[in-house]
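# Analysis of the macromolecular model
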Protein chains: 2
Amino acid sequence: MTTICVDAMGGDEGPEVVLDGIDAALSADSDLSVLVSGPEDVVTPFAASRERVRALVASEVIGMGEHPADAVRAKRDSSIVRGCQAVRSGDADGFFSAGSTGAIFAAATLHVGRIRGIKRPAIASALPGLSGRDTIFCDMGANADARPEMIVQFAQMGRAFSHILLGVEDASVALLSNGSEDTKGSEAALAAHAALAEACGDAGWFKGNCEGGDILAGRFDVIVTDGFTGNVALKTIEGTAKFILGRVKGAVEQSTRAKLGAGLLKPSLKAVAAELSGDDYGGAMLLGVKAPVLIGHGATSREAVKNGTLACARAVREGLVDKVAQQVS
Amino acid sequence: MTTICVDAMGGDEGPEVVLDGIDAALSADSDLSVLVSGPEDVVTPFAASRERVRALVASEVIGMGEHPADAVRAKRDSSIVRGCQAVRSGDADGFFSAGSTGAIFAAATLHVGRIRGIKRPAIASALPGLSGRDTIFCDMGANADARPEMIVQFAQMGRAFSHILLGVEDASVALLSNGSEDTKGSEAALAAHAALAEACGDAGWFKGNCEGGDILAGRFDVIVTDGFTGNVALKTIEGTAKFILGRVKGAVEQSTRAKLGAGLLKPSLKAVAAELSGDDYGGAMLLGVKAPVLIGHGATSREAVKNGTLACARAVREGLVDKVAQQVS
């Protein structure tokens, strides 16, 4: 049995969606058990009527708008803090929450703890690529400023994650920059480039700089950047998708022809939106802590909770933490 | 008469497209004259048969792949260097080229010269917004590292450009960051935030941080960032559009239903692509030099050359340079 602690209070859609997702995950994976953290009236009745579910009562909730580190310190009885502590104590093997990214990052760093040698945990996710190849993107926002040696660890952790999640052996890595030439980059990016080249040596996995246009191109297995640039790029992807779909919607309102076209194209447009939503993998993995911690979207769905819980269990079974530790040792 | 120097050798499509675009601009604007720079066999016959065109013979061409500053130093008789010198000497009032952004930036900074008080010129463009409001985005890539006082000037220049290009009085400005809260940002972004708040004082135009998702939302008149982040964001927008349209194309190849839908939606999809291409404004403006210098896309069209030449002439007539100088003084 693999036990994943799931935060019932994560996500903007309310605990019902999370509990539905847990049920779906339990149906899909007979070797899964769930420790569900949240208020007593939510988690106790849910656990009572299910064999493979235990309740972890937590009286507090950390909201999306709260200051992450402050909230984690102040709310020791929150579903996020309790969940991370349960992983630390061995009550669960991994943690899934669609709550505040910053709070999950802070709580996991503090209570699950960093893998020995890891300077800073980072957030990574698989993004779809036009070529058909997925790309692991890291860091997605945890470390606004990242020193060169941190970027090297993001590459190493990203390679381990690419192996576990996508089955890629010897993943290629590119550094996000403002041009593909070696001479391009901010001072920080140039320093990161040099550190990556040195860490790679003759091994060949470091492919140099890439551009923003490569993120969804499927040209590299892993793309690394600092959390500031990573966050801007990800939000820009979301904003661009919203813009394009919004404009199509606007055209539909003005023309019968466009309306008919959009109706016929709807399955395709929905498929693209789903691909970009990241729901397939259930969220973003926090790499560098001593157990798999998966962060779902705030606007999460039953499907995303199911996929996130299952992905977290898979990461436990396939030894993500050991793979990450090997890469950086 | 307003005279714009147009680089016949700019753009991947060859000089014919540029010359076609010049003809279109001349037809549209009877107070426009053009100084066309390029090889003798291209520009001399073209000028000979047209009243409002003069030839500026330049024997060299700077390619898209060349090191910008080196090429500008080495190729003194290139169409870009000659064009910028013609602006400096008063032979033309502004310069339009769809050539290498870096080379145009280097040549204009060196030969057109910076406006007094400007620390570094920057590249700005109007991006469409979902709300219907356009947003000036600056810096789009000229300055990979930008000190806080440079970001403040990008804001001031962006406000002047917003006034000239879009007619916005008292443009609002936001700083691109990894979160909208004041506390979010890399060290550089936090310092830029503080400098912008101080420069704005009680004037109210500085609206704080914004996220990547705001770039195409049409929430702010101006969004400022360093050239590294700006380049990554812009390339990410292009890559996302390419991904979405590529996926739609893929669906079309697999289903008759999707094919029919895409056919009917084609005008709408083309309109979105055109909006995102920036062809409406003909390119990106180099702000902070002593004359309007407009940089077109490499993959430029007749329409883009026409719009770029006309936009450059409009910027001359409406006193862009004086407005920029006033903002920073």
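Residues numbered from 1 in each chain as written. Chains lettered and ligands numbered in written order. Predicted model: local features only at pLDDT ≥ 70, side-chain atom pairs only at ≥ 80, totals over all residues. Heavy atoms only, no water.

A count of helices and strands for chain A gives 11 helices and 11 strands. In summary, chain A has a C-alpha radius of gyration of 20 Å against a globular reference of 20 Å for 329 residues, a match within 12%. Projecting the C-alpha coordinates of chain A onto the three principal axes gives extents of approximately 60 × 60 × 35 Å. Sorting the 329 residues of chain A into buried and exposed places 59% on the buried side. In chain A, 68% of the contacts between residues at least 6 apart in sequence involve partners at least 24 apart. When the accessible surface of chain A is totalled, it reaches about 12800 Å², and 48% of it is carbon and sulfur. Looking at chain A, you have 32 positive and 40 negative side-chain charges, and the mean spots of the two groups are 1 Å apart. (Helix = DSSP H or I, 4+ residues; strand = E, 2+ residues; numbered from the N terminus. Rg over C-alpha atoms; globule rule 2.2 N^0.38 Å. Buried < 20%, exposed > 50% of the residue type's maximum accessible area, 1.4 Å probe, protein only. Contact = heavy atoms within 4.5 Å. Areas by Shrake-Rupley, 256 points an atom, 1.4 Å probe, with all protein chains shown as cover. Lys, Arg positive; Asp, Glu negative; His and termini not counted. Charge placed at Lys NZ, Arg CZ, Asp CG, Glu CD.)

Further remarks concern the relation of the copies chain A and chain B. Note that the two copies of the chain are related through a rotation about an axis and a translation along the same axis. Mapping chain A onto chain B is achieved by rotating through 180 degrees and translating by 0.0 Å along the same axis, at an RMSD of 0.0 Å. Here the two chains are linked by the operation of a two-fold rotation axis. The C-alpha atom lying nearest the rotation axis in chain A is that of Gly261 of chain A; the distance is 1.8 Å. The share of interface residues of chain A whose copies in chain B are also at the interface is 100%, consistent with both copies meeting through the same surface. (Least-squares fit on C-alpha atoms with pLDDT ≥ 70 in both.)

Inspection of every chain in the model, using the stated rule, returns 22 salt bridges over all chains. The partner of Asp221 of chain A in a salt bridge is Arg133 of chain A, with the nearest N and O atoms 3.0 Å apart. On the criterion of sequence distance, the pair formed by Asp221 of chain A in the loop between strand 8 (206–210) and strand 9 (222–224) and Arg133 of chain A in the loop between strand 5 (122–127) and strand 6 (135–138) is long-range, its members being 88 residues apart. Overall, Arg133 of chain A belongs to the partly exposed group, its relative accessible area being 32%. Put simply, Arg247 of chain A and Glu275 of chain B hold a salt bridge, and the shortest N to O gap is 2.7 Å. Of the two residues, Arg247 of chain A sits in helix 8 (residues 227–254) while Glu275 of chain B sits in helix 9 (residues 256–277), which places them in two different chains. With relative accessibility at 21%, the residue Arg247 of chain A sits in the partly exposed group. (Salt bridge = Lys/Arg side-chain N within 4 Å of Asp/Glu carboxyl O.)

The next thing to look at is the domain arrangement of chain A. One frequently used descriptor of interface size is the decrease in accessible area upon assembly of the parts. Residue and element names in this part refer to chain A. Looking at the assigned domains, one finds that chain A contains domain 1 (1–118 + 288–329) and domain 2 (123–277). Counting the contacts that link domain 1 with domain 2 gives 0 salt bridges. On the surface where domain 1 and domain 2 come into contact, there are 1 residue pair in polar contact (both at pLDDT 80 or more). For the side of domain 1 that touches domain 2, the secondary-structure elements that each account for two or more residues are helix 5 (101–112) and helix 11 (320–328). The biggest single contributor to the side of domain 1 that touches domain 2 is helix 11, with 5 residues. Here the side of domain 1 that touches domain 2 is built from residues that sort into 7 nonpolar, 6 polar and 2 charged. (Domains from an automatic or database assignment. Polar contact = N/O pair within 3.5 Å; in protein donor to acceptor, adjacent residues only side chain to side chain. Nonpolar A, V, L, I, M, F, W, Y, C, P; charged D, E, K, R; others polar.)

Okay, the sheet that holds strand 4 (residues 94–97) of chain B next. All names here are of chain B. As summarised here, the arrangement of the 11 strands in space is 3-2-1-4-11-10-5-6-9-7-8, forming an open sheet in which the pairing is mixed. The sheet is open, and its two edges are formed by strand 3 (53–57) and strand 8 (206–210), each paired on a single side. Averaged over all pairs of adjacent strands, the angle between strand axes in this sheet comes to 25 degrees, irrespective of strand direction. Where helix 5 (residues 101–112) meets the sheet, it contacts strand 4, strand 5 (122–127), strand 10 (284–287) and strand 11 (293–295), and its direction lies at approximately 170 degrees from that of strand 11. (Pairing = 2+ DSSP bridges. Axes fitted to C-alpha atoms, helices over the stretch in contact; angles between N-to-C directions.)

On to the sheet that holds strand 8 of chain A. Residues and elements named next belong to chain A. With mixed pairing, 11 strands are arranged side by side in an open sheet as 3-2-1-4-11-10-5-6-9-7-8. Only two strands of the sheet have a single partner each, and these edge strands are strand 3 (53–57) and strand 8. Strand-to-strand twist across the sheet, computed as the mean angle between neighbouring axes with direction ignored, equals 25 degrees. As paired elements, strand 4 (residues 94–97) and strand 11 (residues 293–295) share 3 bridges and run parallel to each other. For Phe96, the partnering residue across the bridge sits in strand 11 and is Leu294. With respect to the sheet, helix 4 (residues 79–88) is in contact with strand 1 (2–7), strand 2 (32–38), strand 3 and strand 4, its orientation differing from that of strand 4 by roughly 165 degrees.

The subject of this paragraph is the interface of chain A and chain B. Listed by partner, the interface residues are 51 residues for chain A and 51 residues for chain B. For the pairing of chain A and chain B, the buried interface totals around 4500 Å² over both sides, and the portion due to carbon and sulfur atoms is 70%. There are 4 salt bridges connecting chain A and chain B. Of the charged contacts, one joins Lys235 of chain B and Glu211 of chain A as a salt bridge, the two residues approaching to 3.3 Å between their closest N and O atoms. Seen at the junction of chain A and chain B, the total is 16 residue pairs in polar contact (both at pLDDT 80 or more). Broken down by secondary-structure element, the contributors of at least two residues to the side of chain A that touches chain B are helix 7 (187–200), helix 8 and helix 9 (256–277) of chain A. If you tally residues by element for the side of chain A that touches chain B, the top one is helix 8 of chain A, at 18 residues. Residues of the side of chain A that touches chain B, tallied by class, amount to 25 nonpolar, 18 polar and 8 charged. (Buried area = accessible area lost by both parts, 1.4 Å probe.)

Taking 1.5 Å per residue as the helical rise, helix 8 of chain A with its 28 residues ought to reach 40 Å, and the 40 Å between its terminal C-alpha atoms agrees with that figure. Sitting at the amino-terminal end of helix 8 of chain A is Asp226 of chain A, which places a side-chain oxygen 3.0 Å from the backbone nitrogen of Phe228 of chain A. (Expected span 1.5 Å × (residues − 1).)

Attention now moves to the pairing of strand 3 of chain B. All names here are of chain B. Note: strand 2 (residues 32–38) against strand 3, 5 bridges, orientation parallel. Residue pairing in the sheet places Leu35 in a bridge with Arg54 of strand 3. The β-α-β motif built from strand 2, the intervening helix 2 (residues 40–48) and the parallel element strand 3 has right-handed crossover chirality. (Right-handed = clockwise from strand over helix to strand, strands pointing away.)

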